[in-house]
Amino acid sequence: MENPFSFGGFAKTNSFTNRTKEIEHIDTLCKNSINLILISPRRWGKSSLIHHIAQNKANKTLKFCLIDLFNIGTEEEFYTQYLQVVMKATATKLEQYKQYATEFLTQLKPNITLGTGVDAEMGLELSFKPNGKSEIEILDIAQRIAEKQNTRIVVAIDEFQNIDSFTKSIPFQKKLRATWQKHDRVSYTLYGSKRHLMHELFEKKEKPFYKFGDVMYLEKIAENEWVKFITAAYKRTEKSISKPQAKHIAQLMQNHPYYVQQFAFSLWEKTDSEVTDEHINETITTLIQSNEWRFIHLFEPLTHKQRKTLIALIENGEKGITSAKTVSKYDLGSSATVLRSIDALQNAEIVERWGDRIQLLDPVFEMWLIRKLKLTKTN
C-alpha cells in the first residue's frame, strides 16, 4: 500500500493538507487578474500551494505559467526562461508556437524545435542580444497571448527575491514593473522564502515593486488540521493512530509542514497496524539522523559568536537576548554583536524575525542541537 504522506517535492493530491482559505483567496485574485506577493520560510508549502492551485483551477479561460528563479542569475537567463514557460503553457501546437513567435516576437528570431518520440515536446531556443524592444516584447507576450485567446493568465514566479542579486537589478525591476503594471489579463504571483528580502522588495517605498500586489504571509497549518489529516490518512490506509499521538507529532514538529509530513511518512513505514509511543520515539531518532549531514553543513560555517547566539536563543529564548546578563552568560560580545549575529542567522535562513519575536525555523535542527550540545530548552 502506498504511503499516504509525502515530502521533498510538491505535495501529492492525497497528501495536500487544508489551505482552504488560502486557496479560495488566491483563486479569487487569479480570476480577477490581481497580483499576489506570497511570503513564507522555505518548506512551509508555498510551492505546493501554487502548484496545487495551478493543477486544480486551470481551465480554458485561466492558464498558469510556473517559473522558478532558483537557478536564474542574469537578466538574459530570465528572459529566456520566461518566454519558454509562457509559450509552453499557452501554445499547444507547433503552428501556434510559430504563429505567436512571428506575431509577437518581431525583434527576435527564436529557434523552435519539436522533440521526437511519443512524449515529444516543443522547445524554443533563444540566441539574442537584449535590447529595449526585444525585452518589452518578451515581457508583454503573456498579455498579448491572453488577449488573442480571450483568457486570463497567471504568471507565478518562485524564489523571486533572487532578482535582487542580478547585475543592475533596480533598472531591471523598474522595467518589469513598468511593463507588467499595464497588463489587465495577466496577474503575477511572486513568491519567495527569504522574508526580509521579500519585504524589502515589496514594502519599501524606494523599491520599484512597492505595493505591486496583495501581500500574503503564509502561516503554518493549524495543529487541529494536522490531527484530522494524520488520523484520516492512517484510517484510509487501514492503520490506526490516536488523536493525542497525532497531536504530539504536530507539536514535536511545531506544525512545520515539511517535517510533519516527513515524520508521519517515517512513522507510517514503522507501523504495522497501530502506532505506539515506541514507534514515535524511534521516528524522532530516525528523523534527526537522516538530516544530520545537512545540519552539520548548516552549523559548521557559523562563527563562534553566531553559534553562541543560537545556543542562547534555544536555552533562554528571544526575550532579553541582548541584555547584559545574557551577553555575559553566553559570551556574546556585546548587544551590537548579538544583533549582527541574528542578522547573519536570518540571512542563512536559520532564524526568522516575526515582529519582536525571533524563531528558529527548523524544529529538527533545534532537536539536533539540543542533543548534540546537551542543551536545555527554555519553556
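First things first, this report covers the structure right here in the doc. (Residues numbered from 1 in each chain as written. Predicted model: local features only at pLDDT ≥ 70, side-chain atom pairs only at ≥ 80, totals over all residues. Heavy atoms only, no water.)

Details of the overall build of the protein
Applicable threshold: Helix and strand assignments follow DSSP, with helices taken as H or I runs no shorter than four residues and strands as E runs no shorter than two, numbered in order from the N terminus. Any two residues whose heavy atoms approach within 4.5 Å are treated as being in contact. Residue burial considers only the protein chains on display, and all accessible areas are found by Shrake-Rupley using a 1.4 Å probe. This count recognises Lys and Arg as positive and Asp and Glu as negative, with His and chain-terminal groups excluded. For the purpose of locating charges, the reference atoms are NZ of Lys, CZ of Arg, CG of Asp and CD of Glu.
Counting its regular elements, the protein contains 15 helices and 9 strands. Once the C-alpha set of the protein is aligned to its principal axes, its extents read approximately 65 × 55 × 35 Å. Contacts spanning at least 24 positions in sequence make up 71% of the contacts within the protein whose residues lie at least 6 apart. For the protein, the computed accessible surface area is about 18800 Å², with 48% contributed by carbon and sulfur atoms. Measuring between centres, the 53 positive side-chain charges of the protein sit 3 Å from its 46 negative side-chain charges.

Concerning the pattern of salt bridges
Opposite charge on two side chains lets them pair, provided their charged atoms get close. Note the cut-off: Salt-bridge detection follows one rule: a side-chain nitrogen of Lys or Arg within 4 Å of a carboxyl oxygen of Asp or Glu. For every residue, the accessible area obtained with a 1.4 Å probe (protein chains only) is divided by the maximum for its type, and the residue is called buried under 20%, exposed over 50%, and partly exposed between those limits.
Applying the stated criterion to the full structure yields 19 salt bridges. Among the ionic pairs, Glu-159 bridges to Arg-42, the shortest N-O distance being 2.9 Å. Placement of Glu-159 in the loop between strand 5 (152–158) and helix 6 (169–180) and of Arg-42 in the loop between strand 1 (36–39) and helix 2 (46–57) is noted, with a sequence separation of 117 residues between them. Residue classification places Arg-42 among the partly exposed residues on the basis of a relative accessible area of 35%. For Asp-343, the salt bridge identified is with Arg-353, shortest N-O distance 3.1 Å. Of this pair, Asp-343 sits in helix 14 (residues 335–347) while Arg-353 sits in strand 8 (residues 351–354), placing them 10 residues apart in sequence. Beyond isolated ion pairs, a larger network of salt bridges with shared partners links Asp-27, Lys-31 and Lys-57.

A few points about the sheet that holds strand 2 (residues 62–68)
Note the cut-off: A pair of strands counts as paired when DSSP detects no fewer than two bridges linking them. Angles here are taken between N-to-C directions and fall from 0 to 180 degrees, while the axes themselves are lines fitted to C-alpha atoms, restricted in helices to the stretch in contact.
Taken in spatial order, the 5 strands of this open sheet run 2-5-6-1-7, and their pairing is parallel. With one partner strand each, in any of the chains shown, strand 2 and strand 7 (214–217) form the two edges of the open sheet. Adjacent strand axes in the sheet meet at a mean angle of 15° when their direction is disregarded. The strands that helix 1 (residues 20–31) touches are strand 1, strand 2, strand 5, strand 6 (186–192) and strand 7; relative to strand 7, the one it contacts most, it runs at about 160°. Lying over the sheet, helix 7 (residues 195–203) contacts strand 1, strand 6 and strand 7, oriented at roughly 160° with respect to strand 1.

With respect to helix 14
This is how it is decided: Residue count minus one, scaled by 1.5 Å, sets the expected span of a helix.
Helix length check: helix 14, at 13 residues, gives a terminal C-alpha distance of 19 Å against a target of 18 Å (1.5 Å per residue), a fit within 8%. If you check which residues of helix 14 are buried, you get Thr-337, Val-338, Ser-341, Ile-342, Leu-345 and Gln-346. Among the residues trailing helix 14, Glu-349 stands out with phi positive, at a value near 60°.

A look at the packing of aromatic side chains
Stated formally: Stacked, edge-to-face and tilted are the three classes for Phe, Tyr and Trp ring pairs, Trp counted by its six-membered ring, which pair at centre distances within 6.5 Å; planes under 30 degrees apart are stacked, over 60 edge-to-face, the rest tilted. Definition used: whenever NZ (Lys) or CZ (Arg) falls within 6 Å of the ring centre and also within 35 degrees of the ring normal, the charge is taken to sit over that ring.
For the structure shown, the criterion picks out 23 aromatic pairs. Judged by centre distance (5.9 Å) and plane angle (50°), the ring pair of Phe-5 and Tyr-234 falls under tilted. Placement of Phe-5 in the segment before helix 1 and of Tyr-234 in helix 8 (residues 223–236) is noted, with a sequence separation of 229 residues between them. With a relative accessible area of 1%, Phe-5 lands in the buried category. Relative to Phe-172, the ring of Phe-166 lies with its centre 5.8 Å away and its plane at 20°, an arrangement referred to as stacked. On the basis of relative accessible area, Phe-166 is assigned to the buried category, the value being 4%. By way of ring pairs, the aromatic residues Phe-78, Tyr-79, Tyr-82, Phe-160, Phe-166, Phe-172, Trp-180, Tyr-188, Phe-202, Phe-209 and Phe-212 are connected into one cluster. The lysine or arginine in question, Lys-239, covers the ring of Trp-268, its NZ or CZ lying 3.5 Å from the ring centre. Here the guanidinium or amino end of Arg-307 rests over the ring plane of Phe-299, the centre of that ring lying 4.5 Å away.

Some details on the nonpolar core
So the rule is basically this: Take the buried Ala, Val, Leu, Ile, Met, Phe, Trp, Tyr and Cys residues and link them wherever side-chain atoms come within 4.5 Å; each set so joined is a nonpolar core.
Formed by 51 residues in total, the largest nonpolar core has its most connected members in Ile-230, Met-253, Phe-263 and Leu-310. For this core, the secondary-structure elements that each account for two or more residues are helix 8, helix 9 (243–252), helix 10 (257–270), helix 11 (277–299), helix 12 (304–316), helix 14, strand 9 (357–360) and helix 15 (363–373). Here this core takes 7 residues from helix 10, the largest share from any one element. Within the second largest apolar cluster, 43 residues are counted, among which are Ile-145, Ile-163, Phe-166 and Trp-180.

Let's talk about unusual backbone geometry
Look at Asn-150: it is not a glycine, yet its phi comes out positive at around 55°. As for its position among the elements, Asn-150 is in the loop between helix 5 (132–149) and strand 5. According to the relative accessible area criterion, Asn-150 is exposed, its value standing at 54%. Even without being glycine, Glu-238 reaches a positive phi, approximately 60°. Position of Glu-238 relative to the elements: it lies in the loop between helix 8 and helix 9. A relative accessible area of 67% places Glu-238 in the exposed class.

Some remarks on the environment of Leu-69
Tracing the sequence through the fold places Leu-69 in the loop between strand 2 and helix 3 (75–90). Along the chain, Leu-69 and Gln-81 lie 12 residues apart, while their C-alpha atoms are 8.9 Å from each other. Filtering out sequence-adjacent residues up to four positions away, Leu-69 remains in contact with Phe-78, Ile-157, Asp-158, Glu-159, Phe-160 and Asn-162.

As for the side chain of Glu-22
With respect to the helices and strands, Glu-22 occurs in helix 1. Non-local contacts of Glu-22, meaning those with residues more than four positions away in its chain, are made with Leu-49, Met-216 and Leu-218.

What about the packing of helix 3 against helix 6?
We count it as follows: By the definition adopted for this analysis, an angle is roughly parallel if under 35 degrees, roughly antiparallel if over 145, roughly perpendicular if from 65 to 115, and oblique otherwise. For any pair of crossing helices, the crossing counts as left-handed if the nearer helix is rotated counterclockwise from the farther one by less than a right angle, and right-handed if it is rotated clockwise. In the scheme used here, Gly and all other residues not listed as nonpolar or charged are polar, with Ala, Val, Leu, Ile, Met, Phe, Trp, Tyr, Cys and Pro taken as nonpolar and Asp, Glu, Lys and Arg as charged.
Where helix 3 contacts helix 6, the axes come no closer than 12 Å and their chain directions differ by 30°. As the angle between them shows, helix 3 and helix 6 are arranged roughly parallel. Handedness of the crossing formed by helix 3 with helix 6: right-handed. Between helix 3 and helix 6, the residues in contact are Glu-75, Phe-78, Tyr-79 and Tyr-82 and Phe-172, Lys-175, Leu-176 and Trp-180, respectively. Partitioned by chemical class, the residues of the contact of helix 3 with helix 6 number 6 nonpolar, no polar and 2 charged.

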